[in-house]
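Structural description and commentary
Single-letter residue listing:
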Amino acid sequence: MDTILSTKQIDKYFHDPTEFQVLKNISFDVKKGEFLSMVGKSGSGKSTLLYILSTMDTDYKGELYIDNKLMTGLSTDQLAEIRNEKIGFVFQFHYLLPEFSCLRNVMIPALKLGKLSEKEIEARAYQKLEILGLQDQALKPASKLSGGQQQRVAIARALINDPLLIMGDEPTGNLDSKNTAIVFDIFQELTRNFGQTIIAVTHDEDFAHKSDRIIEMKDGRIIS
Amino acid sequence: MNINTAIAKTYVTSNKKLTAVAVMGVVLGMSIYIFMNCMLVGFDKSANSSIFKSTSHIRVYKDDEISKPLIEDNSAKPIIINPKTVPVNNTIINPNLVIQTILRQKEVTVVTPQVNSSVFYNNGKSQISGLSVGIKPDEANVMFDIKSFMVEGNFDLLKSNQNGIVIGSGIAEKMNLAVNDNLNLTSSKGINRTFKVIGVFKTNNSAIDKTKSYINIATAQQLLKEGSSYITDINVNVIDPENAENVATKIEAITGYKAEGWKEANATYVAGNKMRKIVITFVSFTILLVAGFGIYNILNMTVSQKINDIAILKAMGFKGKDVIRIFVTQAVSIGIMGVIGGIIMAIILITILKSIYVGGDIGYFPIDYEFKKFVQGVAIGLVITFFAGYIPAKKAANVDPVEILRK
């Protein structure tokens, strides 16, 4: 299988308040279609690593490849374009724009990419919402939905540009067990049926154990 | 619609109260700016017009000369140690030629000669000292628009009556004179002559109204025991009064006579005007600037409120300049709404003030719709709103999404 993301000897330091090495010599590959969970205690560096993988954090040593292209050293504008096209994000909080309808929220990344007409994007957005069982909520303002629904809209938004990678930072951290199960099923279906690659940081043991692969971190190192 | 614009539009419309407050700020700032500047132009126009009732743009006359040392040598002792005015005649030699020369300048509109004579007005026992101005009635009327401030009698009769006199309302009142009454004048050369009052004027400047009278130029020359070539002043009007000083310098160089622009002659008034201009410009600009601060504040607030939106947008691939565009669009939309409102409000304010009668020689409040000031206000307003939006937008563009999203 193709490697979609790989890191080579990534080191990361925090300088404030005192010099502290958060990540030590992180090297691993992620294959296409993998559902990968990163676990570890608070402060183990898993979230820090995720934000480096996401290209949003550029202050690290080592090399990051996404889709076999070197990301390290690119300008923030170039990285923004890459994120727009290749990476979808799901966070602990949904971060939907409250003034916009669900449909509009889902459409934003595609409108930004600007490869399709607004009509086509709308059709795609409906299709993504349907996958997540939210087609009836499409025109409601994002702020009027329940927490679980909002998180699913956020997943639909992450999917709109058919990204190579979906990254989740505690994607179920704010959900009850029922909604956690729903979100997990969605992720699993995305990897099984749509060949999507998912990297998720989680505290949830059950969630991690059900995924394809677990990376466990401790004190800035991958221990398994 | 571009996605950046769409987001900006949503921010503008979703919090209508904030937007309305910001727009109101711009409307007020804008309208007061335009209004005050139009008023300034109106004041200048009205003040100038009252000055130009008795002063020409440029006055050409023979200046007194101080006697010079016979030997121009600084090292030696001057031969004349107590220089005095050389006793020369203060007439302009060959005035017709000088007038022709001045008329040839392309900036010049009207040129008319004038003879000033200090006189005593006598009526029975009462006596007033004053100034009788010998004029060519037609030309002088073109220059000073004398007919516009005549309150009694007919100015045109002065042309046909060599013994006619048009007096200031103050003189008429003090000497109890009406049209067709006789008035005796004694000139500085001791000539006595009786004139017939054919008109009374009123400039509302009491110093002028109490002392000044107009007579024919030939009669004035007779009062001074002089011939028809005796001219004390040549009055010159130019196209643009603001440019009078330059033309005066030019005339002085060509004719060799002293040419004095009206600003030089009315330095106090010009200084007063300048102060008024500085104060009004400063105040109106400050008001507009305050409106800018209003926008800045509200944009800053929006940026803080929407910091999560900004972070997620940046995570999803919006660049710094996209974020700047969103917030600048929001600021400029507020600015444009405010500018349009401000123009409407300024027009309303000016229309109301225009119709207020203030009396005196001013009449209606001197204000008008000055297109230039509207354009100026709009331009400055938009520039200020742009920067008021740009600064918070720049801050938003520099938001680090990691810092926000990791919380």
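Just so you know, these numbers come straight off a predicted model, no measurement behind them. (Residues numbered from 1 in each chain as written. Chains lettered and ligands numbered in written order. Predicted model: local features only at pLDDT ≥ 70, side-chain atom pairs only at ≥ 80, totals over all residues.)

What to know about the domain arrangement of chain B
Interfaces are frequently sized by the accessible area removed from exposure as the parts join. Taken domain by domain, chain B comprises domain 1 (3–50 + 270–405) and domain 2 (58–265). Just the C-alpha atoms count here: the centres of domain 1 of chain B and domain 2 of chain B sit 52 Å apart. (Domains from an automatic or database assignment.)

Details of the packing of helix α11 (residues 267–305) of chain B against helix α13 (residues 320–354) of chain B
All names here are of chain B. α13 packs onto α11 with a crossing angle of 145° between their chain directions and a minimal axis gap of 11 Å. Viewed along their axes, α11 and α13 form a crossing whose handedness is right-handed. Of the residues in α13, those touching α11 at A291, I295, L299, T302 and V303 are F327, Q330, A331, I334, G335 and G338. Grouping the amino acids of the contact of α11 with α13 by side-chain chemistry returns 7 nonpolar, 4 polar and no charged. (Axes fitted to C-alpha atoms, helices over the stretch in contact; angles between N-to-C directions. Helix = DSSP H or I, 4+ residues; strand = E, 2+ residues; numbered from the N terminus. Left-handed = near helix turned anticlockwise from the far one by under 90°. Contact = placed C-beta atoms within 7 Å. Nonpolar A, V, L, I, M, F, W, Y, C, P; charged D, E, K, R; others polar.)

Quick word on the interface of chain A and chain B
Every contact between the two is made by 20 residues of chain A and, on the other side, 17 residues of chain B. Broken down by secondary-structure element, the contributors of at least two residues to the side of chain A that touches chain B are α1 (46–53), α2 (76–86) and α3 (102–113) of chain A. For the side of chain A that touches chain B, the per-class residue count stands at 11 nonpolar, 3 polar and 6 charged.

A few points about the confidence of the model for chain B
Do not read the fine detail of predicted coordinates wherever pLDDT is low. Looking at chain B, the pLDDT average stands at 88 and 95% of residues meet or exceed 70. The complex prediction reports pTM at 0.78, with the ipTM value standing at 0.91. (pLDDT = per-residue confidence, 0-100.)

Quick notes on the sheet that holds strand β9 (residues 213–218) of chain A
Strand pairing in a sheet relies on backbone hydrogen bonds, with the paired strands running either antiparallel or parallel. Taken together, 6 strands build an open sheet; the order of strands is β6-β7-β8-β3-β9-β10 (chain A) and the sheet is mixed. Each of the sheet's edge strands pairs with one partner strand only, and the pair in question is β6 (87–90) and β10 (221–222) of chain A. (Pairing = 2+ DSSP bridges.)

Looking at helix α4 (residues 118–131) of chain A
Residues and elements named next belong to chain A. Along its 14 residues, α4 runs 20 Å from first to last C-alpha, staying within 8% of the 20 Å computed at 1.5 Å per residue. Residues of α4 that are buried sit in contact with α3 and α5 (147–159). Just downstream of α4, G133 is the residue with a positive phi angle, here 70°. (Expected span 1.5 Å × (residues − 1).)

Considering unusual backbone geometry
The omega torsion across D16(A) and P17(A) is 0°, close enough to zero to call that bond cis. Assignment of secondary structure puts P17(A) in the loop between β1 (3–14) and β2 (20–31). A positive phi angle, near 55°, is found at D67(A), a position not held by glycine. Residue position: D67(A) is located in the loop between β4 (61–66) and β5 (69–70). Take D67(A): there are 15 C-beta atoms within 10 Å of it, and that puts it in the partly exposed class. Phi is positive for D145(B), close to 55°, though the residue is something other than glycine. For D145(B), the location among the structural elements is in the loop between α4 (137–144) and β4 (150–153). (Buried ≥ 20, exposed ≤ 12 C-beta atoms within 10 Å, placed from the backbone.)

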